Amino acid sequence: MALDFFAGCVGGAAGVFAGHPLDTVKVRLQTQEAGKKLYKGTFHCWSTIVKQEGVFKGLYKGITPPLASLTVINATVFGVHGMVSKKFENPDSIQMAHLYYIIKAHFFAGCAAGLAQSIIATPSERIKLLIQIQNDAAHTRYKSPIHAAKSLIQREGYGCLSRGFLATVLRDCPAFGIYFASYDWMARKMSKDGKMESLTTPQLLFAGGGAGMLSWLFNYPTDVIKTRFQTCNSYKSYWDVILKTYAENGWRSFFVGLNSTLLRAFPSNAATFFTVEWTYRLLIDNNILGSSTEGHSHKHNSKKQHVMMPDLWHKNWFILPEAGSTSIDPMIHGCRFI
C-alpha cells in the first residue's frame, strides 16, 4: 500500500512540478497593477523572475498548497465524476453513433466534479496565489503556506479562506465539463476504430493536452477575475474587479497571461500522463490491482491493457494525479486506458 501510494503521488507531483513555473508567470501577469507593469510578456516575466529571485525560489513559489491538496482533490473529482457518470446508461460502452450522448454524459459529470472540488480548491488557491505574488523581500509578507493561513485567519477569520469561492465554481465547473467532454470527443475521433482502447500513447497525450487547452481557453477571463479578487482585498465585489480590469486595457485585460497558460497545458499533461500510464502498467503487470478488473475489461490485444475508471477509483483513488484547472489542467480522464 505504501509503495502504491508513493508511485501514484509521483505521477501527480510530476504534473505539478512541470506546470507550476508557468502558473507563477501567469499569476504575476494577471496581478500587475495598471501603470506599474514589471513584465512585458510571458518570456520577459519568466526571465525576470529567474534573474531576480532564482528558479526554485521564484518560479516554484506557492507549490506546497497544490501538492498538499493533490490526493483530496483527486478523491473528490473522480468520486463525484464516477457517481454522476453512473446516472447515465454506461456512456463508455455506447458506439460512435451515440457520441453526442457520451459527450453530454461526461460534460455533466465533469461539471459536477468541478463544482465539488471547488470547496477544497478555493482556500488552497488563495494561499498559493498570495505567496506567488511576493516578488521580492520588500513584498514578502508570508514565510510559508502555513504562516499565510495562520496570518489570514488571525487577521480576517476563517471565512477569508473562502474568498473567491463563487469565481472558482464559475471557472472550474465548466472547465471540468469541457475537459472531460472534449477529451472523449478528440480521443474517439483519433482512435482507429472509434474505441478508447485503441488509443496510442501519443494520441492519449495529444487529446489530454488539447482538452486542457480548450478548458482554459473558454474560462480564462473568469480565472483573471478570480485571481485578482483573491489576491487583493481592495476589491469590494466581482463586479468591482470586472470594471477596474476593463478600465485598464479593455477586453484584452481579461486575457493577460493566456499564452503562459496554454504553453503550460501540454507539459503538465505530458508529464502526468506519462508517469501515471507507466505506473499503472507496472501495477497491472504485477497484478496489484487484483483480478476484479477483468470483469469490466474489453477483449483486446494482451499488450494493451485496459482498466475501467470505477475499478481504479474504488481500489486506487490515491494514485491518481491531481486533476482540475486549479493547479494543473484536468488531464487524467484517459488513465483508465493504459
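Right above here is the structure, for reference.
Please read these numbers as outputs of a predicted model, since none were measured by experiment. (Residues numbered from 1 in each chain as written. Predicted model: local features only at pLDDT ≥ 70, side-chain atom pairs only at ≥ 80, totals over all residues. Heavy atoms only, no water.)

(A) Molecular detail of the overall build of the protein chain. Check the secondary structure of the protein chain and you find 13 helices and zero strands. From first element to last, N terminus to C terminus, the protein chain shows the α and β order α-α-α-α-α-α-α-α-α-α-α-α-α. Classification of the 338 residues of the protein chain by burial places 55% in the buried group. Long-range contacts, defined here as pairs at least 24 residues apart, represent 77% of the contacts in the protein chain between residues at least 6 apart. (Helix = DSSP H or I, 4+ residues; strand = E, 2+ residues; numbered from the N terminus. Buried < 20%, exposed > 50% of the residue type's maximum accessible area, 1.4 Å probe, protein only. Contact = heavy atoms within 4.5 Å.)

(B) Main features of helix 7 (residues 145-156). Over its 12 residues, helix 7 extends 16 Å from the first C-alpha to the last, a length consistent with the 16 Å expected when each residue adds 1.5 Å. For helix 7, the complete set of buried residues consists of Ala-148, Ala-149, Ser-151 and Leu-152. One side of helix 7 carries all its buried residues, which in axial view fall inside an arc of 165°. Exposed positions of helix 7 whose direction lies more than 90 degrees from the buried face are Ile-146, Lys-150 and Gln-154. Of the surrounding elements, those touching the buried residues of helix 7 are helix 6 (99-132). In the stretch just after helix 7, Gly-157 is the one whose phi turns positive, near 90°. (Expected span 1.5 Å × (residues − 1). Arc of directions from axis to C-beta.)

(C) Just helix 5 (residues 70-85), in detail. In a regular helix each residue adds 1.5 Å, so 16 residues correspond to 22 Å; helix 5 covers 22 Å between its end C-alpha atoms and thus fits that length. Looking at helix 5, one finds that the buried residues are Leu-70, Thr-71, Ile-73, Asn-74, Thr-76, Val-77, Phe-78, Gly-79, Val-80, His-81 and Ser-85.

(D) The layout of surface pockets, seen in detail. Considering only enclosed or pocket space, the largest pocket measures out at about 790 Å³ in volume. If you go around the largest pocket, you meet 28 residues; those closest to its centre are Thr-31, Glu-33, Ile-133, Thr-231 and Cys-232. Secondary structure elements with two or more residues in the lining of the largest pocket: helix 1 (2-30), helix 6, helix 7, helix 10 (220-231) and helix 11 (238-249). Broken down by element, the lining of the largest pocket gets its largest block of residues, three residues, from helix 7. Looking at the lining of the largest pocket, its residues break down into nine nonpolar, nine polar and 10 charged. (1 Å grid on protein atoms, 1.4 Å probe; cavity = no way out; pocket = protein on both sides within 12 Å on 5 of 7 lines; lining within 4 Å. Points joined across faces, edges and corners; volume = space filled by probe spheres on them. Nonpolar A, V, L, I, M, F, W, Y, C, P; charged D, E, K, R; others polar.)

(E) Quick look at the pattern of salt bridges. For the structure shown, the criterion picks out 15 salt bridges. Measuring nitrogen to oxygen at the nearest pair gives 3.6 Å for the salt bridge that ties Arg-171 to Glu-125. Of the two residues, Arg-171 is situated in helix 8 (residues 165-190) and Glu-125 in helix 6; the sequence distance between them amounts to 46 residues. Among the residues examined, Arg-171 registers a relative accessible area of 1% and is labelled buried. The salt bridge involving Arg-171 is made with Asp-172; its shortest N-O contact spans 2.8 Å. With relative accessibility at 0%, the residue Asp-172 sits in the buried group. (Salt bridge = Lys/Arg side-chain N within 4 Å of Asp/Glu carboxyl O.)

(F) View of the nonpolar core. Of all hydrophobic cores here, the largest spans 15 residues; its most connected members are Val-77 and Tyr-183. Where this core is concerned, the elements lending two or more residues are helix 5, helix 8 and helix 9 (201-217). Element by element, the count of residues in this core is highest for helix 8, at six residues. Grouped together as the second largest cluster of nonpolar side chains are 10 residues, Val-25, Leu-29, Cys-45 and Ile-63 included. (Core = buried A, V, L, I, M, F, W, Y, C linked by side-chain atoms within 4.5 Å.)

(G) Quick look at the environment of Ile-131. Within the secondary structure, Ile-131 sits in helix 6. A C-alpha to C-alpha distance of 8.2 Å links Ile-131 and Arg-141, two positions 10 residues apart in sequence. Contacts of Ile-131, omitting those with residues within four sequence positions, involve Lys-61, Gly-62, Ser-144 and Pro-145.

(H) Seen up close, a nonpolar patch on the surface. Together, Leu-214, Leu-217 and Phe-218 make up an exposed nonpolar region whose accessible area comes to about 280 Å². Along the chain, the position of Leu-217 falls in helix 9. A relative accessible area of 39% means that Leu-217 is categorised as partly exposed. (Patch = residues over 30% accessible without salt bridge, like charges linked within 9 Å, V, L, I, M, F, W, Y side chains within 5 Å. Areas by Shrake-Rupley, 256 points an atom, 1.4 Å probe, with all protein chains shown as cover.)

(I) Region of interest: the packing of aromatic side chains. Going through the model one piece at a time under the given rule, you end up with 10 aromatic pairs. Seen in terms of ring centroids, Phe-56 and Tyr-60 are 5.5 Å apart; in terms of plane orientation they differ by 25°. Their pairing is stacked. Judged by relative accessible area, Phe-56 falls into the exposed class, the value being 54%. Ring plane angle 40° and centroid distance 5.6 Å describe the contact between Trp-251 and Phe-254, whose orientation is recorded as tilted. Overall, the relative accessible area of 60% leaves Trp-251 in the exposed class. (Phe/Tyr/Trp six-rings, centres within 6.5 Å; stacked < 30°, edge-to-face > 60°.)

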